[in-house]
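# Chains, contacts and geometry: an overview
What follows is each chain in one-letter form.
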Amino acid sequence: MGGPLGAIIGRYPSAAGGDEQLGGGASGGIIRHDRRCRDIAFLVLFAAFWVAMIVNSSFGFNQGNPLRLTYELDYKGNICGDKHGSPNLQELDVRYWMNPNQVYQSGLKDSKVNLADAKAICLMECPNPAVDGLNFICDYPEGDIHLSVDDWINRDYDYFEFLTPDMRNSSLQLQGPCYPIIFPTVNVYWSCQFIARASNVSLKHWHEMGGVSIDENILIDKTVHKAIDSRSAVLKRYIADIGKSWPVFIVCGGILPVFLSVIWLLMIRYFVAAMTWITVVLFNALVISVTMFFYIKAGWIGNDPLTVVIGESDPYVHISGREISHLHTVTILMTAVMIIAFLSSIAIVRRILIATPVLKVAAKVIGEVQALIAFPLLPWLILSIFYMFWFSATLHLFSSGQVVRNDCNTDCCSYDLKLGKVNCDNCCGYNIHYTPHISIAILFHLFGCYWATQFILACSSTVVAGSVASYYWARGEISHDIPFLTVVSSLKRLMRYSLGSVALGSLLVSVVEWVRFILECLRRKLKLVDSARESCFGKATSSSSECCLGCIDWTLKSVNRNAYIMIAITGKGFFKASVLATGLIMKNILRIGKVNVIGDVILFLGKLCVSLFCALFAFLMLDTHKYKSAHNKISSPVIPVLVTWALGYIVAKLFFAVVEMSIDTIILSFCQDAEEHQGNAQYAPPALMETLDEQGELQRLTQGP
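Now for a look at the structure at hand. From a predicted model like this one, the values you see are computed outputs, not experimental measurements. (Residues numbered from 1 in each chain as written. Predicted model: local features only at pLDDT ≥ 70, side-chain atom pairs only at ≥ 80, totals over all residues. Heavy atoms only, no water.)

### Things to note about the overall build of the protein chain
What counts is decided by this rule: Only DSSP runs of H or I covering at least 4 residues are called helices, and only runs of E covering at least 2 are called strands; the numbering of each starts at the N terminus. Relative accessibility decides the category of a residue: with a 1.4 Å probe and only protein chains considered, values under 20% of the type maximum give buried, values over 50% give exposed, and everything between is partly exposed. Here a residue-residue contact requires only that any non-hydrogen atoms of the pair lie within 4.5 Å.
A count of helices and strands for the protein chain gives 22 helices and ten strands. Per-residue burial over the protein chain gives 54% buried out of 705 residues. Sequence separation of at least 24 residues holds for 76% of the intrachain contacts in the protein chain that already meet a minimum separation of 6.

What follows is the structure in structure tokens.
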């Protein structure tokens with residue numbers, strides 16, 4: 001340390017003011033020294049970042065349409081289900097390709113026909129062939145077809161009997177406006193998946209009417225499935241799942257973790273001796289329960305597996321998808337986590353008792369500074385408002401592409417009801433075009449979420465540290481010297497002096513995390529492109545760089561947490577506070593290392609218990625009829641459950657920071673107290689003295705006389 005901190009954080013006279021009465025004078029107070037604003041440049045940078053976040057999100061709100069994430073486009077560029085389409089497509093949610101030969105030809109290797117250019121319209125449900133005849137699907141009624149959209153729907157989209165001879169002849173050539181229903185279809189994520197089992201009865205009637213040959217091949221099945229199961233389509237469905245699951249996020253990711261965290265804090269306050277064991281047992285039970293739910297949805301246990309089909313379907317039709325593959329992968333990972341968690345719990349059983357005395361000290365702090373339990377509700381409210389804005393902006397940003405006409409050279413003709421003749425100049429379909437700047441906007445949006453979250457968590461931790469430091473350094477003094485609202489006082493100091501330092505610390509963590517994320521994406525991309533040529537040196541370099549960044553990230557988070565404590569106590573800037581905290585820890589590493597590590601493990605398990613319980617409850621909500629059918633059907637429970645788990649963990653981290661920062665602040669204060677009083681801490685609570693006495697004796701033996 002660069003000198004004693006007694007004048008800064010103590011209540012006793014400093015070398016500069018030895019004659020001053022305790023707590024008296026203008027400079028008196030629990031935390032007594034001159035403060036000034038620190039790291040102002042980073043506070044300005046954080047404010048500029050928020051302006052950029054608002055501008056970036058406004059682009060998404062202006063250009064995006066979340067309907068694009070769930071529903072597809074018809075041949076006119078309308079979004080299925082959009083009431084503002086032409087015609088009104090409200091409740092017409094399902095995309096259906098009318099010409100089966102176009103679907104087949106789009107799957108051929110050297111074909112010029114793309115499925116995106118095949119003629120597709122929007123229907124209420126996927127059609128199936130007639131049992132004893134031939135049914136037709138006809139184009140949207142317009143021109144000479146004097147039917148309303150409602151009448152067209154009531155007639156099962158079939159007005160073949162109203163066609164003129166020219167229209168009938170065109171339809172028999174598969175040029176519309178009516179097309180035969182030859183293949184059964186099922187609704188797979190709001191697109192009609194063809195089943196390559198042509199109806200013999202319908203084909204017979206079609207041929208008797210003089211219709212052209214229709215290709216019967218398994219390729220018609222695979223072509224549609226390939227489009228529905230593409231990476232971009234799956235990503236859009238995952239993002240759409242977030243929009244559909246907002247009630248789950250509010251209940252399981254917002255309200256439930258607050259209730260559970262407060263219950264945990266109260267139990268720590270009154271049943272601290274038993275809570276360490278309860279936490280370990282409950283953690284293992286929750287990990288097993290969540291894993292079993294994944295097994296059920298993966299279809300490996302029970303009869304309620306995930307299905308890609310919306311609504312009822314033939315039980316003999318088995319259609320897989322990436323979502324099911326991803327679910328299987330997550331299930332295997334959860335199995336590994338369950339095994340590791342169980343073995344780790346056994347390994348730390350003997351060391352759990354070491355954490356109990358430290359938790360008792362933290363419980364005493366919570367009991368005497370009771371405002372600490374309620375304080376996390378303030379950052380929780382701020383985070384809730386931010387996440388509502390952020391998730392809404394996310395849905396709009398991911399759907400902010402432009403609907404543009406494809407550039408194609410396909411040879412096709414179809415009957416144009418407006419022109420009243422066959423038109424061969426309108427063969428290209430529509431697609432959603434995403435420009436590169438949208439990708440940059442999304443990446444910035446994701447980074448902004450992480451930085452804002454880290455900033456709010458850091459502010460909360462700093463306020464708690466300031467409150468606990470005031471409590472510690474008032475030990476042995478008159479109780480009324482402790483401010484009635486120590487939390488409010490600490491919050492005022494943060495808002496007035498230290499926001500820039502907190503912004504800097506949270507930015508450093510966010511940048512390191514983001515670099516890890518980008519490098520991981522590049523590594524995966526290079527691995528897919530050149531997996532066969534990847535050398536051992538390349539693999540070793542990739543793994544070592546990832547390991548180094550992980551160690552840097554872990555170290556930085558640990559340094560940050562202690563830096564926030566010193567910021568709250570001393571009012572120093574971020575880097576100076578980091579140096580002070582690191583020096584203090586290194587001088588007392590033998591004294592605090594063992595106790596602090598075990599305490600952190602128990603608190604980490606407690607946060608996991610809260611978040612896993614939220615994930616388990618999310619599974620139960622997502623398993624109801626609302627999210628398994630019709631428009632609210634989610635493609636997979638994986639993303640909503642993971643998001644709920646993350647939200648639950650963040651909320652738990654807010655509340656558990658009360659205990660976590662209490663322990664760290666008291667231990668750092670204890671070390672400084674002992675250093676300034678020749679190894680005998682004068683302000684430490686008795687329980688803490690008993691806990692750290694053995695560590696202090698070991699330190700004295702290693703350092704010598």
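Having seen the model, we can carry on.
### Considering unusual backbone geometry
At Asp 39, a position not held by glycine, the phi torsion is positive, near 50 degrees. As for its position among the elements, Asp 39 is in the loop between helix 1 (6–9) and helix 2 (40–63). Looking at Asp 39, the relative accessible area reads 22%, which means it is partly exposed. Of note, Asp 156 is a non-glycine position whose phi angle comes to about 60 degrees, a positive value. Considering the arrangement of structural elements, one finds Asp 156 in the loop between helix 5 (149–154) and helix 6 (165–172).

### Side note on the state of the cysteines
The condition is simple: By definition, disulfides here are pairs of cysteine sulfur atoms that lie within 2.5 Å.
Under the criterion given, the structure shown has three disulfides. Between the sulfur atoms of Cys 126 and its disulfide partner Cys 192 the distance amounts to 2.2 Å. Looking down the S-S bond of the Cys 126 and Cys 192 bridge, the torsion is -100 degrees, so its handedness is left-handed. Placement of the pair is Cys 126 in the loop between strand 2 (120–123) and strand 3 (136–138) and Cys 192 in strand 6 (residues 191–194), with a sequence separation of 66 residues. Neither Cys 126 nor Cys 192 differs from the other in exposure class; each is buried. Left unpaired, Cys 252 is separated from the closest cysteine sulfur, that of Cys 614, by 6.7 Å.

### Some remarks on the side chain of Gln 193
Residue placement: Gln 193 occurs in strand 6. Residue class for Gln 193 comes out buried when judged on its relative accessible area of 0%.

### A few points about the environment of Cys 547
Take Cys 547: it is sitting in helix 18 (residues 536–570). Each C-alpha atom, one on Cys 547 and one on Arg 516, is 9.8 Å from the other, the two residues being 31 residues apart in sequence.

### What to know about the pattern of salt bridges
Definition in use: Only one rule defines a salt bridge in this text: a Lys or Arg side-chain nitrogen within 4 Å of an Asp or Glu carboxyl oxygen.
Under the defined criterion, the tally for this structure stands at twelve salt bridges. Linking Arg 155 and Glu 161 is a salt bridge whose minimum nitrogen-to-oxygen distance equals 2.5 Å. What makes Glu 161 exposed here is its relative accessible area of 53%. Salt-bridge contacts for Asp 304 lead to Lys 628; the nearest nitrogen and oxygen are separated by 3.3 Å.

### A short note on the nonpolar core
Note the cut-off: Remark: nonpolar core denotes a set of buried residues (Ala, Val, Leu, Ile, Met, Phe, Trp, Tyr, Cys) joined through side-chain atoms within 4.5 Å. Annotation comment: domain bounds sourced from an automatic or database domain assignment.
Trp 152, Tyr 159, Phe 294 and Val 659 are the most contacted members of the largest nonpolar core, which totals 192 residues. The leading source of residues in this core is helix 21 (residues 638–676), at 21 residues. Split by domain, this core shows at least three residues from each of two domains, domain 1 (72–229) and domain 2 (245–262 + 375–399 + 439–525 + 546–703). Excluding residues within four positions of it along the chain, Tyr 159 makes contact with Cys 138, Asp 139, Tyr 140, Pro 141, Ile 145, Leu 147, Trp 152, Pro 177, Cys 178 and Leu 417.

### Concerning the pairing of strand 6
As a reminder of what qualifies: Any two strands with at least two DSSP-identified bridges between them are counted as paired.
On strand 6, burial covers both faces: Ser 191 and Gln 193 on one face and Cys 192 and Phe 194 on the other are all buried. Taken together, the four bridges between strand 5 (residues 185–188) and strand 6 define a ladder with antiparallel strand orientation. Counted as the bridge partner of Thr 185 is Phe 194 from strand 6. Adjacent in sequence and paired antiparallel, strand 5 and strand 6 are bridged by two residues, among which Tyr 189 carries a positive phi angle near 50 degrees.

### A short note on the packing of helix 19 (residues 574–587) against helix 21
Stated formally: Helix axes use the C-alpha atoms of the stretch in contact, all axes being lines fitted to C-alpha atoms, and the angles between their N-to-C directions lie in the range 0 to 180 degrees. Oblique is the label for every angle not falling under 35 degrees (roughly parallel), over 145 degrees (roughly antiparallel), or within 65 to 115 degrees (roughly perpendicular). Residue type decides the class: Asp, Glu, Lys and Arg count as charged, Ala, Val, Leu, Ile, Met, Phe, Trp, Tyr, Cys and Pro as nonpolar, and the leftover types, Gly among them, as polar.
Following both chains from N to C, one finds helix 19 and helix 21 inclined at 70 degrees, their axes separated by 10 Å at the closest point. Relative to helix 21, the element helix 19 is oriented roughly perpendicular. From helix 19, Ala 581, Leu 584, Ile 585 and Lys 587 reach across to helix 21, where they touch Leu 668, Cys 671, Gln 672 and Glu 675. Taken together, the residues of the contact of helix 19 with helix 21 break down into five nonpolar, one polar and two charged.

### A closer look at the side chain of Asp 221
Heads up, the rule is: Counting rule for charge: Lys and Arg are taken as positive, Asp and Glu as negative, and neither His nor the chain ends is counted. Polar contact criterion, stated in full: a pair of N or O atoms within 3.5 Å, where within protein one must be able to donate a hydrogen and the other to accept it, and residues adjacent in sequence count only if both atoms are side-chain atoms.
With respect to the helices, strands and loops of the structure, Asp 221 is situated in helix 8 (residues 219–228). Within the buried core, Asp 221 has no salt-bridge partner, and the shortest N-O distance to an opposite charge, that of Arg 197, equals 7.8 Å. Engagement of the side chain of Asp 221 in a polar contact is seen with the side chain of Gln 193, the distance being 2.7 Å. Apart from residues no more than four positions distant in its own chain, Asp 221 is found in contact with Gln 193, Phe 194, Ile 195 and Ala 196.

### Topic: helix 7 (residues 200–208)
An α-helical segment advances 3.6 residues per turn. Residues three or four places apart therefore align on the same side. Stated formally: Directions from the helix axis toward the C-beta atoms define the arc.
When helix 7 is considered as a whole, its buried residues turn out to be Ser 202, Leu 203 and Trp 206. End-on view of helix 7: buried residues confined to an arc of 100 degrees, all on one side of the axis. Pointing more than 90 degrees away from the buried face of helix 7 are the exposed residues Asn 200, Lys 204 and Glu 208. Each element contacted by the buried residues of helix 7 is listed here: strand 3, helix 6 and strand 4 (178–180). Positive phi shows up at Gly 210, right after helix 7, with a value of about 95 degrees.

### Here's the deal with the packing of aromatic side chains
Between two aromatic rings, the relevant description is the distance of the centres plus the angle of the planes. Convention followed: Any two rings among Phe, Tyr and Trp, with Trp reduced to its six-membered ring, count as a pair given centres within 6.5 Å; such a pair is stacked if its planes are under 30 degrees apart, edge-to-face if over 60, and tilted if neither. The rule for a charge over a ring is simple: NZ of Lys or CZ of Arg within 6 Å of the ring centre, and within 35 degrees of the ring normal.
Scanning all chains against the criterion turns up 29 aromatic pairs. Between the aromatic rings of Tyr 140 and Trp 152, the centroid separation amounts to 5.5 Å while the plane-to-plane angle is 70 degrees, which identifies the pairing as edge-to-face. With a gap of twelve residues between them, Tyr 140 in the loop between strand 3 and helix 5 and Trp 152 in helix 5 connect regions that are remote in the sequence. Just as Tyr 140 is buried, Trp 152 falls in that class too. Taking 6.2 Å as the distance between ring centres and 45 degrees as the angle between the ring planes, the aromatic pair formed by Phe 447 and Trp 451 counts as tilted. Pair noted here: Phe 447 and Trp 451 are both in helix 16 (residues 436–472), with a separation of four residues, about one helical turn. Residue Trp 451 is classed as buried on the basis of its relative accessible area of 3%. Against the face of Tyr 75 rests Lys 119, its NZ or CZ located 4.6 Å from the ring centre.

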